[in-house]
Structure formats: structure tokens, C-alpha cells
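Take a look at the letters that make up each chain.
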Amino acid sequence: MILMPCQYLPEVIYVQPGESQAPGTAGNDSRVVLIPSSTAVAANSIIRAAGGGAGGNGTGAAVGAAGAAGGATTAPNSGAYAILGNYLSLAGQGGGAGGAVAGAAGASVTFGGSGLFLSGGAGGGGTTSANFAGGAITGAGLVPTIPGGLAGSNPGNEGYELWVPPTFTGGSGGGSNNTGAGGAGANGKYGCGGGGGGAGTTGGAGGRGGGGLVFITAVFGY
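Residues numbered from 1 in each chain as written. Predicted model: local features only at pLDDT ≥ 70, side-chain atom pairs only at ≥ 80, totals over all residues. Heavy atoms only, no water.

## Description of the sheet that holds strand β3 (residues 30–33)
Alright, step 1. With antiparallel pairing, the 3 strands of this open sheet are ordered in space as β2-β3-β4. Whereas interior strands pair on both sides, the edge strands pair on one side only; in this sheet they are β2 (14–16) and β4 (45–49). Between one strand axis and the next, the sheet turns by 15° as a mean value, whatever way the strands run.
Alright, step 2. Where β3 meets β4, 4 bridges bridge the pair, whose relative direction is antiparallel. When the sheet's bridge partners are listed, R31 is paired in β4 with R48. (Pairing = 2+ DSSP bridges. Helix = DSSP H or I, 4+ residues; strand = E, 2+ residues; numbered from the N terminus. Axes fitted to C-alpha atoms, helices over the stretch in contact; angles between N-to-C directions.)

Here you go:
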């Protein structure tokens, strides 16, 4: 977050929203910049918001770790002009661990556990003995519980989003299958981590991390 006097800004500024495209990839950074450019953006950036981490891919011998919510960025790493305002950055919530290789459900993540309106993703189920469920996003406050993928080749469930007030969660983990393919981890919402893929003879793919999110609000003084 940055609070900056408008006298330091030009009449036109640009928002470069981040998003991830392929399964198992982290969300891209989002930036507020002075000129639209795909290169050397730090040199003209006002602020940068990190995207959520990708969920790890499951394998036959291990499970995918869950993706974390976006990390903190210091003012110097955010952009050349962040120093002109009052800058605050907080790290996102870590994702849940994948279930034990010997066989266990993926670790769940509780929304609000890190004091932010974002969350990491849940872990995928582990197996070398039987089938296990993926980890859940445990609901709290305005957020419902998002169950993990059921035991077997079942995918996790996508994160939850609510815009007023801003509330976003990671994806839940995929289930594991001792004799088949593991379930895929689910995608995280804005700034949140993807769920981990479940283990199996073929591991499930990790979910995508959500891209960084940008809110711009004008504050008028009298």
C-alpha cells in the first residue's frame, strides 16, 4: 500500500495487472507505473504487488506443496518512485504442506490466520498406501470452508472471492490416488496461492497462483 500526494503524479498513470496463464505457474506482479512498458518497469513504477505462488505438482513419490500468497516488497524493490509516498508492504500467508509420502491428507489453511484478507493454498494429498483427500481452505468470518479434493483422482476447489470488503483465498489441494493419477490442485484467487497437486502414479498438477491486485482510491482533504 502507498499513500502519495497527487501533486507528485502526472495526470495519467497506468496499471499493469498481473495474472498467471499456465497451470502450476505463479501469479505475475501487478504494478502502477508512469509509462506503459513491458521492460525496465521498476524504473518507472510507483508500487508493485506480488502475485500468489504456484501450487507444487504431485509425483508418484511425493506431493505438491501448496503455493503461498504474495510476498512482501520493500519500497526500493517496489519502484523508483515509491519513496515519494508513505509505503507499507506485508507478506502473504504460507501455503499448507502436502500430505506425508506414506499417506496422509494435505494440510489445510485457515483464512485470516495471518491477519490479511488473502490466504495461501492448501496442500495436496499424499500416498504410498491408500487414497487421501487434499487439504481444505478453512473458512472464517465471511469466508466459507472450501473442501479439498476427495480421496482419489479428484481436483481441489477454486478459491473464494468477495469484493466488498476485499476477501480472497487460495485454492484447495487435490486428492491422492495410490493406483492412478493424483487430482490437480485448484487455482488461487487474486494474490493467493494455488493448491498443491495430489500424489499418484502420475502426480496432479499444482494450481495457479493468483495475480497481484490493485486498488486505487482518491482521498480528498479540506
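Now that the structure is up, let's keep going.
## What about the pattern of salt bridges?
Alright, step 1. The final tally for this structure, using the stated rule, is 2 salt bridges.
Alright, step 2. The residue K189 makes a salt bridge to E161 at a minimum N-O spacing of 3.8 Å. Separated by 28 residues along the polypeptide, K189 in the loop between β12 (177–181) and β13 (200–202) and E161 in strand β10 (residues 161–162) bring together distant segments of the chain.
Alright, step 3. The class of E161 is partly exposed, set by a relative accessible area of 31%.
Alright, step 4. One salt-bridge network, held together by shared partners, links E158, E161 and K189. (Salt bridge = Lys/Arg side-chain N within 4 Å of Asp/Glu carboxyl O. Buried < 20%, exposed > 50% of the residue type's maximum accessible area, 1.4 Å probe, protein only.)

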